[in-house]
Amino acid sequence: MTAHSPSLHTPAVATEQLSVSPCPPITLSSALPRFLSVTVQLALIVLTVHLFKIEPNRPFLALMCLAVGGFLVHAWLPQRFRLAFFCLLSLASAVLLLGWPTARWLLGLGGGLITLCYLPLPWKYRVLLIALTGVLLALWRIESAQAFWPILSSMFMFRLLVYLYDRRRERVRPPLLHSLAYFFCLPNLCFTLFPILDFKTFRQTYYDEEPYTIYQSGVAWIVRGLTHLLAYRFIKYYLLPAPHHVTDLPHLLLFLAANYALYLRVSGWFHIITGLLHLFGFNLPRTHHNYFLASSVSDVWRRINIYWKDFMAKLFFYPVFFALRGWGTRLAMVVAALGVFVATWLLHSYQTFWLRAELPLTWNEALLWLSAGMVMALNLQFDLLAEQKEKKEQNQSNGAFFLFREALAGATLALRIMGTFLLVSLFWACWTLPQFPSSLYMLATSGAITAVGVWTVLGWVAAGVVAGVLVRLAQRGMQNAECRMQNERQGWFSFCILHSAFRIGKAVLPAAVLLVLVAAGIPQVGVTLGPRVAEVLATLRLEATAPVEAVVAVQGYYDQLADIPVQASPLLGMSGPPEQKRPNKQQQKQLPRAYTYMTQPADDFLERELIPSWRGEILGKRLTINRLGMRDREDITREKPADVCRLAFVGTSVVMGYGVGDDEPFPRLLEAHLNADRPATQERPRPENGRPRRVEVLNFGTGKSQPIHRHTLIERKVLAFEPDALYYVAHQDENEGAVRHLTRLISRRNELPAYLREIVQQAGIDPQSPPGLVEVRLQVFAPQIVQGIYADIAKRCRQRGILPVWIYLPMPEVKDTTLESSELMSLAEKAGFVVLNLAKWDAGRGPEAISADKLHPNALGQQLIAERLRTVLQKRPDALPACARRGAP
Amino acid sequence: MSRSAQQIQDWMIDRLSRLVRVAPSEIDPRKPIRRYGLDSVALVTFVTDLEKWLGYRFHGNPLDVLDDYPILEALAAFLAEQTAADDKVTEA
């Protein structure tokens, strides 16, 4: 027989459901109760998102409100207007959620790409044109960090490939509304990590069932997604062992499992995304299917991120397999599977490029993905063998043999699930933690694997096997009971009741879960359940403002992509990342490395310190560290000369003058101002009464400096210089740095000084607490921590007759944090500091004019700070020690 | 030897039911084949077995045919037409 091209024949059945599938007419009386039911559940969902502060760093709550509001209108619209309404809602939401400056780029560039797809040209020319546009956009992306990029990339980087592939044999162009809905779909405005929607499926499933069944299914998916996100928090805070606890086999396995389980965040998002689309009629299939229960490698591939699997199968696996099947099914399958994994590796980097403007291509990763591909190819051979075998009829007898066989099957399945889970966890750890294999080797060779540990793990395995057997027997028992009910006439009624109960349960379950979540989200409810429960619930309601230290350690590919910020519109009052010019490549390379070069490791309290007598060039400016380890002049002495009034400045790299020349940091400029303001005394020789004749401003600024570092530096170094006044310079992020540093100190089991010990005790933390939990708890105590540090510094200064002055220096590129500037100033004042506020020091100049790089002021910026400080000091003589005041004798 | 659309449909229902492990009565010939959740191995097996049984080879990627004729009933009719046409060509 000869082969025929299917495209030459007219399909017998319409392949594209271009218009919405016909739905049975719904009357007001039949729809209203179901509409109200879905609406109430959606209201509970919004309440849950609000109470648990789900995804607080992106406009998720606003998106949910828009989606629910949109649903209320959409559900009552005639069907022919619904798709247009969805498109309108998505486009309007883009403007509302992202703000016009971002939305105009998004809609403009996205609209341009869609237009190219609609040009009246042959398919291959359109593809060529879009590929060229893609190259131009990629070149732009390298240099641009504008806020629209992650969302535009997320909308088009994969979906455009699927879209073009699906349209390669098209006879009719898809209606524009379908394309707009496909690319600009509403949930994408909030989530940059997005399932790869299949264009064909997206259209074919549009209202392919009765509307309220689809809506209810959407609610169920959103609820499932929320439970995944809360489970993610629980694992992050309570199960993930601290790195220092991973010293034996059980903790290693727990670490591996918890690390893999953090993927719940991604599956949670994907469920919410598809759930939201269900509310507008897109009856999309599930994105994940109980992936922790996969029983083989190929089973994991089928259950985890199913849309990715489908995308890879459609664009890579099937075309390669069917092109090569002349080589034989088995060989073609091996080559296709390996091809899929190589493509997966490359496409993950492609995704990272578009979302983060980085291209992480390493041989280690290539090797890892190729190994995974080989395991998969092997597994597929077994699967192929199994598919080709006839499935034997199972013996349904109820004898002892049946029980034994079922128990054995349950045990085998449990072992396979545990083995697969371990294998995938290992792969996950190797992928997300590049240093993991070497840590594992060190652990394995350092005697950490003990008999006790092995027995503990074997105990877990035995428990898993027992659970597997029990579940299997219970399943079989229920199946047999169902069969009996169906077979026996008198049992038919009971069978119907059972099934009806199951159906009702399925509809009621999301509402019940939502009620429990809302109740758990109300603090007063938690209190009634006891202090322990209240504490756990309070923790789950918190999203640490910064990634927890321990989680940072296990963050990998997905977390990096998941944490890409979405710039919210100013209308929403959320602080998104400011649009900024990306430092050039040389600067990017210099920033982290240069500071490492000029510093050396110290203990956990100081962490790093400047290397005495280091000299180098940073951002084209000379940077010299003197022999005392200060960014200051070489002739400074520890002993204070008798004729000198000393002011010591402590603070961050801004104080240190990172990115400006040795004579340009503002403390140096201030010194010149102060001495210039004292011409009479400067000319005068030192009088007999010991009054100083000049002011000396010492620069103790260091990079990566947080309150505890500064406290340590003051205690160990600054006080020895006998300053007359101490100037503590703070930015907006005081509390966050302190919390993170204290978390590290606790997790490394440092003996805490008294001023910190009390706060840690108040927070109910002990050395065994996981770092995630420690940081979350400490977040609540952030103001007390900062005040404790301040109070101790001020006390020490006052005891020595040193004037403690706290300077608030807000930096344009530092994000505002949970503590307002007024609160910070109030804390410093209460602690005993004289407080100065240097807000608006930049005199309205833009970051371009005053920045050396994205974080540090340039020479002009330093000059503006110095001038502002001088002006403030002139108005506030109480912020200067008597010896430095104007007109001091 | 060409086969009727009904024969092809019956064979496909039988094979599909075994691949997705459901009773043949649960396979609806008017529903899209892909709705039954065939994974890649099962789909490849289904296509290669179908080709072997029919003695017919799809041109290029057979999934394009599945895209054009997504439901069993339509696919069976198309294949019956194809195999019959091929037989006529062979006889001539």
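Rules behind the numbers
Residues numbered from 1 in each chain as written. Chains lettered and ligands numbered in written order. Predicted model: local features only at pLDDT ≥ 70, side-chain atom pairs only at ≥ 80, totals over all residues. Heavy atoms only, no water. Helix = DSSP H or I, 4+ residues; strand = E, 2+ residues; numbered from the N terminus. Buried < 20%, exposed > 50% of the residue type's maximum accessible area, 1.4 Å probe, protein only. Contact = heavy atoms within 4.5 Å. Areas by Shrake-Rupley, 256 points an atom, 1.4 Å probe, with all protein chains shown as cover. Axes fitted to C-alpha atoms, helices over the stretch in contact; angles between N-to-C directions. Parallel < 35°, antiparallel > 145°, perpendicular 65-115°, else oblique. Left-handed = near helix turned anticlockwise from the far one by under 90°. Nonpolar A, V, L, I, M, F, W, Y, C, P; charged D, E, K, R; others polar. Phe/Tyr/Trp six-rings, centres within 6.5 Å; stacked < 30°, edge-to-face > 60°. Core = buried A, V, L, I, M, F, W, Y, C linked by side-chain atoms within 4.5 Å. pLDDT = per-residue confidence, 0-100. Salt bridge = Lys/Arg side-chain N within 4 Å of Asp/Glu carboxyl O. Pairing = 2+ DSSP bridges. Patch = residues over 30% accessible without salt bridge, like charges linked within 9 Å, V, L, I, M, F, W, Y side chains within 5 Å. Disulfide = S-S within 2.5 Å.

1. Brief notes about the overall build of chain B
Step number 1: When its secondary structure is counted, chain B shows four helices and zero strands.
Step number 2: Reading the helices (α) and strands (β) of chain B from amino to carboxyl end gives α-α-α-α.
Step number 3: Per-residue burial over chain B gives 58% buried out of 92 residues.
Step number 4: Within chain B, residue pairs in contact and separated by at least 24 positions form 65% of the contacts whose partners lie at least 6 positions apart.
Step number 5: Carbon and sulfur atoms make up 51% of the accessible area of chain B, which amounts to about 4100 Å² in all.

2. Some thoughts on the packing of helix H2 (residues 60-74) of chain A against helix H3 (residues 79-98) of chain A
All names here are of chain A.
Step number 1: Running from N to C, H2 and H3 cross one another at 155 degrees; their axes reach a closest spacing of 11 Å. Put simply, H2 runs roughly antiparallel to H3. Here H2 runs over H3; the crossing is right-handed. Counting all contacts with H2, which are made through Ala62, Leu63, Leu66, Gly70, Val73 and His74, the residues of H3 involved are Arg82, Phe85, Leu89, Ser93, Leu96 and Leu97.
Step number 2: Of the residues belonging to the contact of H2 with H3, the class tally is eight nonpolar, three polar and one charged.

3. Thoughts on the packing of aromatic side chains
Residues and elements named next belong to chain A.
Step number 1: Considering all chains together, one arrives at 62 aromatic pairs over all chains under this definition.
Step number 2: Ring centres of Phe60 and Phe191 lie 5.5 Å apart, and the angle between their planes is 65 degrees; this geometry places the pair in the edge-to-face category. Taken together, the positions of Phe60 in helix H2 and Phe191 in the loop between helix H8 (176-183) and helix H9 (199-204) put the pair 131 residues apart, joining distant regions of the chain. Neither residue differs from the other here; Phe60 and Phe191 are each classed as buried.
Step number 3: Aromatic side chains Phe86 and Phe280 sit 5.1 Å apart centroid to centroid with 45 degrees between the ring planes, which places their arrangement in the tilted category. Of the two residues, Phe86 sits in helix H3 while Phe280 sits in the loop between helix H12 (264-278) and helix H13 (297-303), which places them 194 residues apart along the sequence.

4. Describing the nonpolar core
Step number 1: Counting 192 residues, the largest nonpolar core has A:Ile45 and A:Phe282 as the members making the most contacts within it.
Step number 2: If you look at the next biggest cluster of nonpolar residues, it comprises 51 residues, including A:Leu698, A:Ile708, A:Val786 and A:Ala828.

5. Details of the confidence of the model for chain B
Residues and elements named next belong to chain B.
Step number 1: Across chain B, the average pLDDT comes to 85, with 92% of residues at or above 70.
Step number 2: Per-element mean pLDDT across chain B ranges from 82 in helix H4 (residues 72-91) up to 91 in helix H1 (residues 5-20).
Step number 3: In the predicted complex, the global pTM is 0.69; the interface-specific ipTM is 0.89.

6. Remarks on the side chain of A:Glu406
Residues and elements named next belong to chain A.
Step number 1: Looking at the element boundaries, Glu406 is found in helix H17 (residues 400-432).
Step number 2: Residue class for Glu406 comes out buried when judged on its relative accessible area of 2%.
Step number 3: The residues contacting Glu406, other than those within four sequence positions of it, are Arg472, Leu473 and Arg476.

7. A short note on the pattern of salt bridges
Two side chains of opposite charge can pair, provided their charged atoms sit close to one another.
Step number 1: Evaluation of the coordinates by the stated rule reveals 39 salt bridges over all chains.
Step number 2: The salt bridge involving A:Lys200 is made with B:Asp67; its shortest N-O contact spans 3.9 Å. Of this pair, A:Lys200 sits in helix H9 while B:Asp67 sits in helix H3 (residues 62-68), each in a different chain. For the pair shown, A:Lys200 and B:Asp67 are each scored as buried.
Step number 3: Residues B:Asp14 and B:Arg18 are paired through a salt bridge, measuring 2.9 Å at the closest nitrogen-oxygen approach. Residue B:Asp14 and its partner B:Arg18 are both found in helix H1; the two are separated by four residues, about one turn of the helix.
Step number 4: By relative accessible area, which is 35% here, B:Asp14 ends up partly exposed.

8. Some points on the pairing of strand S5 (residues 644-650) of chain A
All names here are of chain A.
Step number 1: With seven of seven residues buried, S5 lies mostly within the body of the structure.
Step number 2: Of the strand pairs in this sheet, S5 and strand S6 (residues 694-699) are connected by six bridges, and their pairing is parallel. Its bridge partner lying in S6, Val644 is registered against Arg694.
Step number 3: Where S5 and strand S7 (residues 725-730) come together, four bridges link them in parallel fashion. In the strand pairing of S7, Leu647 is matched with Ala725.

9. Topic: a nonpolar patch on the surface
Step number 1: Together, A:Val342, A:Leu346, A:Leu359, A:Leu361, A:Leu370 and A:Met374 give the surface a local cluster of nonpolar side chains, amounting to about 520 Å² of exposed area.
Step number 2: Secondary-structure elements contributing two or more residues to the nonpolar patch are helix H15 (329-356) and helix H16 (363-388) of chain A.

10. Observations regarding the state of the cysteines
Step number 1: According to the stated counting rule, one finds one disulfide over all chains in the structure shown.
Step number 2: Cysteine A:Cys185 is unpaired, with the sulfur of A:Cys87 as its nearest cysteine sulfur at 9.9 Å.

11. Points about the environment of A:Asn259
All names here are of chain A.
Step number 1: You can see Asn259 is positioned in helix H11 (residues 249-261).
Step number 2: Assessed through its relative accessible area of 2%, Asn259 is described here as buried.
Step number 3: Taking C-alpha positions, Asn259 is 7.3 Å from Ser425, a pair spaced 166 residues apart along the chain.

12. Things to note about the sheet that holds strand S9 (residues 834-837) of chain A
Residue and element names in this part refer to chain A.
Step number 1: Strands sit in the order S6-S5-S7-S8-S9 across an open sheet of five strands; the sheet is parallel. With one partner strand each, in any of the chains shown, S6 and S9 form the two edges of the open sheet. Within this sheet the neighbouring strands show an average axis-to-axis angle of 25 degrees, counted without direction.
Step number 2: The sheet contact formed by S7 and strand S8 (residues 803-808) spans six bridges and is parallel. Residue pairing across strands places Tyr728 opposite Trp806, the latter belonging to S8.
Step number 3: Running at roughly 165 degrees to S7, helix H29 (residues 707-716) makes contact with S5 and S7 of the sheet.
Step number 4: The strands that helix H36 (residues 859-875) touches are S5, S8 and S9; relative to S9, the one it contacts most, it runs at about 130 degrees.

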